[in-house]
Amino acid sequence: DTRKKIDEENEQLIKYVKPKDICDDGFLPEITGRAGNVTYVLPLKREDLRRILIEPESSVIKEYQKRLSIDGKNLTFTEEAYDWIVDDAMSNETGARGLRASVNKIMSQVLFDAPSDKKTKDIVIDLDYIHSVVDTPMEEEQKKKKLLKG
């Protein structure tokens, strides 16, 4: 609760930042002066990332659906899969760009297998599939340790 309150207060304060404040934090006045305008962006919330993942015509999900439709495949994601993708992107703290990286982790094997699989027309990405292709944090840690030893 305290962290949330501090974040909300910071979101309100950032509106009042002036070029002098940026200089006080270490930026050279020459650089700040060339910027022209000082503006701010707020961090994306979970709901924002989910909308970016699903809604735009150019979303990464729709891009993959279109790519697979060329091979006659119908690609769908469960709500839980969307949640996993958003959570994964948030854990990396890379904003909307992290969504693409998270989806790419899941889809690389599908893109490899789908064109040659003539029987399967409908591809459903759910949590079971995600867990089968993506290492858990513990598995990732074990792989790192193994690489460092060998």
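The following paragraphs examine the structure supplied in this document. From a predicted model like this one, the values you see are computed outputs, not experimental measurements.

For helix 4 (residues 46-54), the full list of buried residues reads Leu49, Arg50 and Leu53. Considered in projection along helix 4, the buried side chains sweep an arc of 100° and stay on one side of the axis. Looking at the buried positions of helix 4, the neighbouring elements they touch are helix 5 (60-69), helix 6 (79-92) and helix 7 (97-113).

Moving on to helix 7. Given a rise of 1.5 Å per residue, 17 residues ought to cover 24 Å, and the 25 Å separating the end C-alpha atoms of helix 7 matches this to within 8%. The largest bend along helix 7 reaches roughly 45° and is located at Met107. Residues of helix 7 that are buried include every one of Gly98, Leu99, Ser102, Val103, Ile106, Met107 and Val110, and no others. Contacts from the buried residues of helix 7 go to helix 4, helix 5, strand 1 (74-77), helix 6, strand 2 (122-125) and helix 8 (127-133).

Bringing the pairing of strand 1 into the picture now. Judged by which residues are buried, strand 1 turns out to be one-sided: Leu75 and Phe77 face inward and are buried, whereas Asn74 and Thr76, on the alternate face, are not. Summarising the sheet, strand 1 and strand 2 pair through 4 bridges and their orientation is parallel. Residue pairing for strand 2: Leu75 is matched across the bridge by Ile123.

Evaluation of the coordinates by the stated rule reveals 1 aromatic pair. Ring centres of Phe77 and Tyr82 lie 5.8 Å apart, and the angle between their planes is 20°; this geometry places the pair in the stacked category. The pair Phe77 / Tyr82 is uniform in exposure class, with both members buried.

Turning next to a nonpolar patch on the surface. Together, Ile14, Val17 and Leu42 make up a nonpolar patch on the protein surface, roughly 200 Å² of accessible area in all. The exposure class assigned to Ile14 is partly exposed, which follows from its relative accessible area of 31%.

Calculation rules
Residues numbered from 1 in each chain as written. Predicted model: local features only at pLDDT ≥ 70, side-chain atom pairs only at ≥ 80, totals over all residues. Heavy atoms only, no water. Buried < 20%, exposed > 50% of the residue type's maximum accessible area, 1.4 Å probe, protein only. Helix = DSSP H or I, 4+ residues; strand = E, 2+ residues; numbered from the N terminus. Arc of directions from axis to C-beta. Contact = heavy atoms within 4.5 Å. Expected span 1.5 Å × (residues − 1). Bend = angle between axes of the 7 residues up to and from the residue. Pairing = 2+ DSSP bridges. Phe/Tyr/Trp six-rings, centres within 6.5 Å; stacked < 30°, edge-to-face > 60°. Patch = residues over 30% accessible without salt bridge, like charges linked within 9 Å, V, L, I, M, F, W, Y side chains within 5 Å. Areas by Shrake-Rupley, 256 points an atom, 1.4 Å probe, with all protein chains shown as cover. Salt bridge = Lys/Arg side-chain N within 4 Å of Asp/Glu carboxyl O.

It is worth stressing that arrangement in space is one thing and function is another; only the former is reported here.
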